[in-house]
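# Structure assessment
One-letter residues, chain by chain:
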Amino acid sequence: MGIVQDAVSESCISYFERFRRSTHVTPKSYLSFLTGYKNIYKERKKLLGEQADRMNTGLNKLLEASESVAQLSKELEVKEKELAVASKEAEKVLVEVTEKATAAEAVKAEVQKVKDKAQAVADVITADKIVAEGKLEAAKPALKEAEDALQTIKPSDIATVRKLGKPPHLIMRIMDCVLLLLRRRLDPLAMDPERPGPKPSWGESLKLMSQTTFLSSLQTFPKDTINEETVELLAPYFTMEDYNLETAKKVCGNVAGLCSWTKAMASFYAVNKEVLPLKANLAKQEVRFGKAKAELDEANAALAAKESEVAIVRAMYEEAMKKKQVLIDDAETCRRKMKAASALIQGLGGEKVRWTQQSKEFEAQTSRLVGDVLLASGFLSYCGPFNQEFRGQLLEGWKKELKNRKIPVSDNMNLIDMLTDSVTIAEWNLQGLPNDELSIQNGIIVTKATRYPLLIDPQGQGKLWIKKKEAARELKVTTLNNKYFRNTLEDSLSLGYPLLIEDVEQELDPALDNVLDKNFIKAGTSFKVKVGDKEVDVMSGFMLYVTTKLPNPSYTPEVYARTSVIDFTVTIRGLEDQLLGRVILTEKQELEAERVKLMEQVTADKRKMKELEDNLLYRLTSTKGSLVDDESLIQVLQTTKTTSEEVTKKLTVAAETEKNITGAREEYRPVATRGSVLYFLIVEMSVVNVMYQTSLQQFLVIFDLSMSRSAKSPVTVKRIANIIEFLTYEAFKYSIRGLYEEHKFLFTLLLTLKIERQKGNVKHHEFQTLIKGGAALDLKAVQPKPAKWITDVTWLNLVELSKLPQFTEILTQIARNDKAWKTWFDAEAPEETPIPDGYSTLDTFRKLLLIRSWCPDRTAAQARKYIAEAMGVKFAEGVILDMEKTWEESNPRVPLVCFLSMGSDPTNSIDNLSRKKELTYDAVSMGQGQEVHARRFLQQHQTQGGWVLLQNTHLCLDFLDEVLQSVLETPNVNPTFRLWLTTEIHPKYPINLLQASIKYTFEPPQGVKAGLKRTYTNTSQEQLDYSNLPQWKPLLYCIAFLHTTVQERRKFGPLGWNIPYEYNQGDYNASTQYVMNMLDALDLKKGISWGAAQYMIGEIQYGGRVTDDYDKRLLNTYARLWFNDGIFKNTFMFYKGYGLPVFKTVKDYMDYIEALPLVDTPEIFGLHINADITYQSNTAKACLDTMLSIQPKESAAGSGETRESVVSKQAAEMLAKLPANYLPHEVKERLKKMGSIAPMNIFLKQEIDRMQRVITMVRNTLQDLQLAIEGTIIMSENLRDALDCIYDAKVPKQWGKISWDSTTIGFWYTDLLERDSQFRTWIFDGRPNVFWMTGFFNPQGFITAMRQEVTRAHKGWALDGVVVFNEVTKMSKDEVTAPPPEGVYIHGLYLDGAGWDRRNAKLCDATPKVLFTMIPVIHIYAINSKDPRDPKLYLCPVYKKPRRTDLTYITALLLKTVQSPDYWILRGVALLCDTK
C-alpha cells in the first residue's frame, strides 16, 4: 500500500508536467486510503459471504430434492396396493347399506300417512281456536276495566261498608247483583217499601262480605259459569237509572268498582254464550288429536329404529370411503411431489450449473478481495484530481504491481460495478449527472470517499447534480464570502442538513478545518465540532460539498489532505455524448423517447430477473424441511422460468432495437462533435485572457438555438449540414463579440484549424510546424543556407517545413532555383503570385505553411484566405458590434459586460441607445464609496425599469458578488431593466459574473479615416463655429489628425513609439481648449506664437504622457512640422491624398473624411512602407506564439515521442556543443599578460565572469534535466520550467535571468556559442581588430571602457569632457585587417526603419521588404569637445533588441543624411544589435 502512495506521488509530478495541473498526496491521504481499505474490505467480504451462503444453501436443497424423488416412488407403490384393498371393502359395505335403506324407506312412508292424519285434526282445532279467541277478544276491554275496578277495592273499604248501619240503597242493590253472580242465596222476593223494586238481601250480603276470601273470590271468579238465567235476574237491577259507575262512586266511594264488575260479567256472558259451543267442540277434537299423536309417536319410534340401523351401516360405508379417499389423496400427493420435484430439478438445471459456477466464483472473488479492494480504495482515495487517462494509468500500474507481488486480483475488475449499481447510476443520470464513464466515476468518489468532496467544476455540472440529488434532504447552499456563511454552516451541522459551499477560490475558510478533518468530539450519545471558537452539535444527516469554478486551481497539500479533490471538468467525449442527446431530443424526439423507454425497460427487466432470482434463492434457503413439500416454491420457479424466457426474448429484441437506434443516433454525431470542438475552443480562450469566460449553460443556449433556427430539411445529411453551419457561425459571432481585436483573428484561425484537424484535413505535424516554425532548430546544426538574401529565421523555418511530406525537396529546389524564389519572395503579395517549382498547385493550408516560413508579414493575409476557403468568407470578414442586437439578446437577469481597452468607452453608445429606446438611464463610476449609489440605482431601476451602467467595475470586485446576486435573485424585476458594466482586465474578476453575462468589446476601428470620423462625430457644429478667425478650423483639423496619428502609430510597435501611450479623448479636448484660449488672446499683428503652441502640444498636452526621450523628440517633431504658418497654405498636405480641408459644417468634414482611403499606408505617419511588414509580422508572430502557449502540454512530438524523450535528445545535443568552462587561473594569467588594469581588459574579465555563470547554469540544468527525466532525481520547479521551455523552443526562465533576451532557444544557443567564441578569441588570441558589440552582456560598459582608454592615452583629457564620436566606414567585418589607431571598430549593427548607402556612407530609404539593413563597420572613438553636434547629422539611438526601452538602450551614434533629421525621426530609425 505504501507503493501505491509513492506511485501516486510520482504521478502527481508527471501529471503536472503533462497537463499543468498540480495535485498533491500527503500522509493524511495514506491514512484515508487505509481507512477506506478496511471499510470496503469488511463490506465486500460480508456481502460476498452472504451471497455464497445463499447459493450453497440453494444447491444443497436441490440435492435433497433429487434424493426425495426415489423415496417418493417407493411410497407410491405401497399406497396403490392399500388403495385396491380399501376399494373392495367399501363396495361390500355399500350393498348392506342399500338393503337397510330400502326397508327404512317403507316404514317412513307408513309413518307419513299417520302424520298427515294427525295434522288434519290439528288444523281443525287451530281454526276453531282462532274463531273463539277472536270473539273473546271483543269482551276483553270491559272485562279488563272491571278487573281494574276490583283492584281499587281494599278490604278496609268492605269493612267500612259492613259497619254501616243503614247503607245506601245502591250499595245493597250492587251486593244483590254480586250474590246473584256468585249464586248465593237471596232473601225471598219482596218489594222494597222505600224504592220501587225488590228488597235487597243485605243480610246475605253482610255474610258474604264478612268472608276473608270475598275480594279474591271475585278476582278469580269463573266467568264461564254465568248462565242466561243469572243474566235475566240481573237485568232489573241494571235498568235502574242510578245503577252506573258515576252514581256508585258518589254513593259508595271505592266500593263502586263492584258496580262495574257486575255489569262487565253480564256483558262477558253475552259474548261467551257464543264461544261456549266452540269450546265444547274444541275439547272433543283435542281428544281425537291426542289419540292421533299417540299413533304418530309409535310410528316415529319404529322409523327411528330403522333409521338407526341405516345410520350404522352408512357410517361403516363412510369410514370405508374415507379410508379409500385418504389413500387416493396420499397417492395423489405422492405423485404431485414426484412431479414437482422432477420439475424443480429440471427447471433449476440451468440455475444449478450457473449457481455452482457462481458459488465457485464467489470463493474466487473472496480470495481476490485483497487486491480488488486495494484498487477500489486506491481509486477512491487518490484518483479524484486526475483525468480519465491518468486514472486508467494509475489503476493499470497498481494492478501490475499486485501481480508482480503475487497478490490475487481480478483481471477484468470493473470498479463501477464493484462500488455501485446500475439503479443508482440511473438515478444519478436523472438528477443531472452526465452518463460518461468519468462522470460516473466522479459520482462514486463523491458518494463513497472517506473525505468530504471538493469539486473542480468549471462547467457547473457537478454542482447542478448535487443540488438535485440533495434537494429532498433540504440542501443548504452558501459561498465563503456570504455574510451568513458561518450561520448556515452551524445550522447545517446542528440540524443534519447537507451543505453546498459553491464557487470557492484557491483558499478555504479556516473555520472549516475541524469540519473537513472530521475532528468530532463525542459528547454522550452525540458529537460536537469546534467551528472557530464555538462548539456546534453534529447531526448524522450532515454532509459537506465544496465546488469551485476555477478550471485549474492550485490547491495546497493541506486542502488535498482535508478534502477529496475531484476533477469534474467535462471531457470532449463526455460533452459530445451530452450534446448528441440534446440533438436527438430535438431532431428525433421519438427516437430518443424510444431509447429512454428501452433503457428503462431493459433496466426494469434486468432488475426483475435479479429480483426473481433473489426471491428464488431466498425461498430455497428459507424453506424448512424438504423442497418437495413447498408447492408455492414450484409456482415461484414456474413464474421465474416464464418471466426469464420473456425477459430474454425482450432483451434480444432490445439489443437489436438499441443497435438500430444507436445507428440512427450516430448519424447526428457530427453535430455533437462540432459542438464539443467549439465549446472547448471557447474555453481555451480563457487561457489567452482570463476575462474570456463562457459557461456551458451559455453555450448550450447557442447550441439549442442553432437547432431551432437553422434551415429544416427532410434529407438528414442536409439537415445535419445546416445545423453544423448555423451552429459554427452563431458560436463564432457570440465569441468574437467578447474578444479584443488582437485576439479575434487568433480565435478565427484556431477555430478553422480545430475543425480542419477534427476532419483530418490538417495533421498534427503540420499544425506544429505552423505554430512553431523552425524555432527549435540550431542554425549551425542544419544544412547551410544557399543564399545571403534568405534570413536565418526563414531558413530555419524552411528546414522544419522540409520534414513534411509535401516539402521534402524544397531545400534542394531553393538552392537550385535561387533567382526564381527571390523574384517570388520580393513580390508585393507573394501569396497571390505563382510559386516556383510547381508549388502553386498546393492547397490553401499548405500554401499557408509555405508563406509562414518565407514571409511572416503575409501569414495573416494567407491565413484569411485559408479561413475564407475552409469556413466561408463571412468568417474571414469579422463581425461588427451591433449594440442594439446585443441589447435585444439580453434580459433583466443577464448583465452586459464591456471589456475596456485603450481609448474605448461605450458610455456614449449606451446613452444614445437608451434615448432611442426611450428608457431611463443612470451611470455610476465605481470607486471607493460608490457602492451606495450603485445599490440605490439598482433597486430603483429593477422596480421602475430602465438601465444602470456601472463603470470601471474592476475597482469594486468585492461588491460584484452582491450585484450578481441582486440581478439573479431579486423577485419581480421590471422587464425593461438592464445592467451594463465596464471593466478592465483583472485576474480576480468574478468568474460567476462573467459566465452569467453577455460580453463585448468596444474598441475603435483602426485607421486614419475611422479615427478622424470618430473625432468629428463627437464635434458639434457649435464647437466648429467657436471662432471666426481663419486659423481656428485648420488648427482644429491638425489636432484631430495628430490625435489619430499618435494613436495609429501604436500598432507599429517600437517603430511607432518606444512605449505605447494611452492617448485618449482627454488629450484631444485639452489641446483644442488650449488653441481656443490661444486664439481668444491672439494679437492679430503679432500672429500665433508657434514656439509656445509647439511646446504646449509637444511637451504638455500630448507630451505630458511621454516618458521616453526619443518619443518626446518624435512628438516635438510632429508639433514642429504640423503647427506652423505653412498649414494655412492651400498646398499643405500631411501626405499625398491627405490634405487640410476647411469647411463650414461638420457634415462637410464628415463627407471629406468618408472619401479618404480605407487602408492606410504607414507613410502617412512618416514611416516607411516596411513598417507595415513589421506590423503584419508582429501580428502573425503574436498570434502564433499565443496559439503555441495555449496548446495542451501533452501534445506528442512529431514522431510520436513523448515530451521527455524529445527534450532529453535536445539536451544531449546541446551538452555536446556546449563550450567548456573557463579555467580561472588561465583567464587570470592571460589578463595579466594583456594588462589586467587596462579598462578594456577589466571589461573583458567582467564579461567572461558572466559568461562562465551562463555556461555553468546551462550545463547543470541540462545534466539535471536528463537525470530528472530518467527519474534519478526529483523534477524541481526550475527543471520543469526548463523542460517545457525547451520543448516549446523557448528560453528557460533561469537562463534568461542571467543572460540575454531571445525569441527562441535556437537563436539563444547560437548566440551563446558566438559570444563565447568572441571572448575566447579575445582572451587567448589577443584583442580583436573588430568587435561584435551584440555579443556583450554590457555594451554600455564597452563604450565607457573605450572612452576611458582614449582619455588615458591623451594627457590632460578628463573623462567628463570626452564625448563619443563615430564614423561609419565602408568596410565589412572581413575587410578589417587591423585595429583603428584609436577607439574601436564594431560590427553587427542593423538599421531599423532605413537603408544605408554604402557608396556615400549615408542614410537612405530602406529597400522594400528589407526590414533590417546591416550597417558596415563603425569606428567609434572619443573626442575632447564641448561644441554642439552638427544639426545636419541624425542622432540615431542604439538598442540591444528590437524592443526599444531604457533597459535595451546603449548609446546614440551620428549618421550622415541628405534629408532633414526630422525625416528619419518620423521614420523611427534606430540601430539594433539584434533583430531577433
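Going by the structure above, here's the rest.
Notes on the structure follow. (Residues numbered from 1 in each chain as written. Predicted model: local features only at pLDDT ≥ 70, side-chain atom pairs only at ≥ 80, totals over all residues. Heavy atoms only, no water.)

## So, the sheet that holds strand S10 (residues 921-925)
Quick reminder of the rule: The pairing criterion is simple: DSSP has to find at least two bridges between the two strands. Numbering of helices and strands runs from the N terminus; a helix is a DSSP stretch of H or I covering at least four residues, while a strand is a stretch of E covering at least two. Every angle, taken between N-to-C directions, lies between 0 and 180 degrees, and every axis is a line fitted to C-alpha atoms, over only the stretch in contact when it is a helix.
Strand order in this open sheet of five strands is S10-S11-S12-S9-S13, and the pairing throughout is parallel. Looking at the sheet topology across the chains shown, the edges are occupied by S10 and strand S13 (998-1001). Going across the sheet, the axis of each strand differs from the next one's by a mean of 20°, ignoring polarity. The pairing of strand S9 (residues 896-899) with strand S12 (residues 978-983) spans four bridges and is classified as parallel.

## What about the side chain of aspartate 436?
Stated formally: Partly exposed describes any residue whose relative accessible area lies between the buried limit of under 20% and the exposed limit of over 50%, with all areas from a 1.4 Å probe on protein chains only and scaled to the type maximum. In this tally, Lys and Arg are treated as positive and Asp and Glu as negative; His is ignored, and so are the chain termini. Think of a salt bridge as a Lys or Arg side-chain nitrogen and an Asp or Glu carboxyl oxygen that are within 4 Å of each other. For the purposes of these results, a polar contact is taken to be a pair of N or O atoms within 3.5 Å, where, inside protein, one atom must be able to donate a hydrogen and its partner to accept one; residues adjacent in sequence count only when each atom of the pair is a side-chain atom. Whether two residues are in contact is decided by their heavy atoms, any of which lying within 4.5 Å being enough.
Relative to the helices and strands, aspartate 436 resides in the loop between helix H13 (422-430) and helix H14 (437-448). Among buried charged residues, aspartate 436 stands out as having no salt bridge; its nearest opposite-charge side chain is arginine 391, 8.3 Å away. Within the local environment of aspartate 436, its side chain forms a polar contact with the side chain of serine 439, the two groups lying 2.8 Å apart. The contact partners of aspartate 436, leaving out residues within four places of it in the chain, are Thr571 and Gly574.

## Looking at the environment of proline 830
Looking at the element boundaries, proline 830 is found in the loop between helix H29 (818-826) and helix H30 (844-854). A relative accessible area of 0% means that proline 830 is categorised as buried. Leave out the neighbours within four places in its chain, and proline 830 touches Trp824, Phe825, Ile851, Cys855, Arg858 and Lys1409.

## Examining the sheet that holds strand S23 (residues 1418-1424)
If you walk across this open sheet you meet the four strands as S16-S18-S23-S17, and the pairing is mixed. In this open sheet, the two strands that pair with only one neighbour each are strand S16 (1330-1332) and strand S17 (1362-1368). Across the sheet, the axes of successive neighbouring strands diverge by a mean angle of 35°, strand direction being ignored. Across the face of the sheet, helix H52 (residues 1339-1353) comes into contact with S16, S17, strand S18 (1384-1387) and S23 while running at roughly 50° to S23.

## Quick word on the packing of helix H23 (residues 696-709) against helix H24 (residues 716-737)
Under the convention used in this document: By definition in this entry, angles of less than 35 degrees are roughly parallel, angles greater than 145 are roughly antiparallel, angles of 65 to 115 are roughly perpendicular, and the rest are oblique. Handedness of each helix crossing follows the sense of rotation of the near helix against the far helix: counterclockwise by less than a right angle gives left-handed, clockwise gives right-handed.
The contact between H23 and H24 brings their axes to 9 Å, and the two run at 140°. It follows from the interaxial angle that H23 and H24 lie oblique. Like other packed secondary-structure pairs, H23 and H24 cross with a definite hand, here right-handed. Packed against H23, whose contacting residues are Gln698, Phe699, Ile702, Phe703, Leu705, Ser706, Met707 and Arg709, the element H24 presents Arg719, Ile723, Phe726, Leu727, Glu730, Ala731 and Tyr734 at the interface.

## A word on helix H3 (residues 155-163)
Condition: Starting at the helix axis, one direction is taken to each C-beta atom, and the arc is that of these directions.
Within H3 the residues assigned to the buried category are Asp157, Ile158 and Val161. Here the buried residues of H3 occupy an arc of 100° about the axis, which is enough to place them on one side. Set apart from the buried face of H3 by more than 90 degrees, the exposed residues are Pro155 and Lys163.

## A closer look at helix H22 (residues 669-688)
What counts, and what does not: To estimate how far a helix should reach, multiply one less than its number of residues by 1.5 Å.
Over its 20 residues, H22 extends 29 Å from the first C-alpha to the last, a length consistent with the 28 Å expected when each residue adds 1.5 Å. Most of H22 sits inside the fold, with 17 of its 20 residues counted as buried.

## A word on the packing of helix H48 (residues 1239-1270) against H52
The cut-off we apply is this: Put simply, Ala, Val, Leu, Ile, Met, Phe, Trp, Tyr, Cys and Pro go in the nonpolar bin, Asp, Glu, Lys and Arg in the charged bin, and everything else, Gly too, in the polar bin.
One way to put it is that H48 packs onto H52 with a least axis distance of 8 Å and a crossing angle of 160°. Taken together, H48 and H52 sit at an angle that is classed as roughly antiparallel. Residues Pro1239, Met1240 and Phe1243 of H48 form the contact with H52, whose own contacting residues are Gly1341, Phe1342, Ala1345, Met1346, Gln1348, Glu1349 and Arg1352. Of the residues that constitute the contact of H48 with H52, the class distribution is six nonpolar, two polar and two charged.

## Observations concerning the pairing of strand S3 (residues 498-501)
How we decide: Seen with its strands pointing away from the viewer, a crossover is right-handed when the path leading from the first strand over the helix to the second is clockwise.
Across the two faces of S3 the burial is the same, with Pro498 and Leu500 and Leu499 and Ile501 all buried. As defined by bridge partners, strand S2 (residues 476-478) adjoins S3 across three bridges and the pair is classed as parallel. Looking across to S3, one finds that valine 477 is bridged to leucine 500. Where the polypeptide runs from S2 across helix H16 (residues 485-495) and back to S3, its parallel neighbour, the crossover connection is right-handed. Pairing of S3 with strand S7 (residues 543-548), which is carried by four bridges, proceeds in the parallel orientation. Note that in S7 the partner of proline 498 across the bridge is methionine 543.

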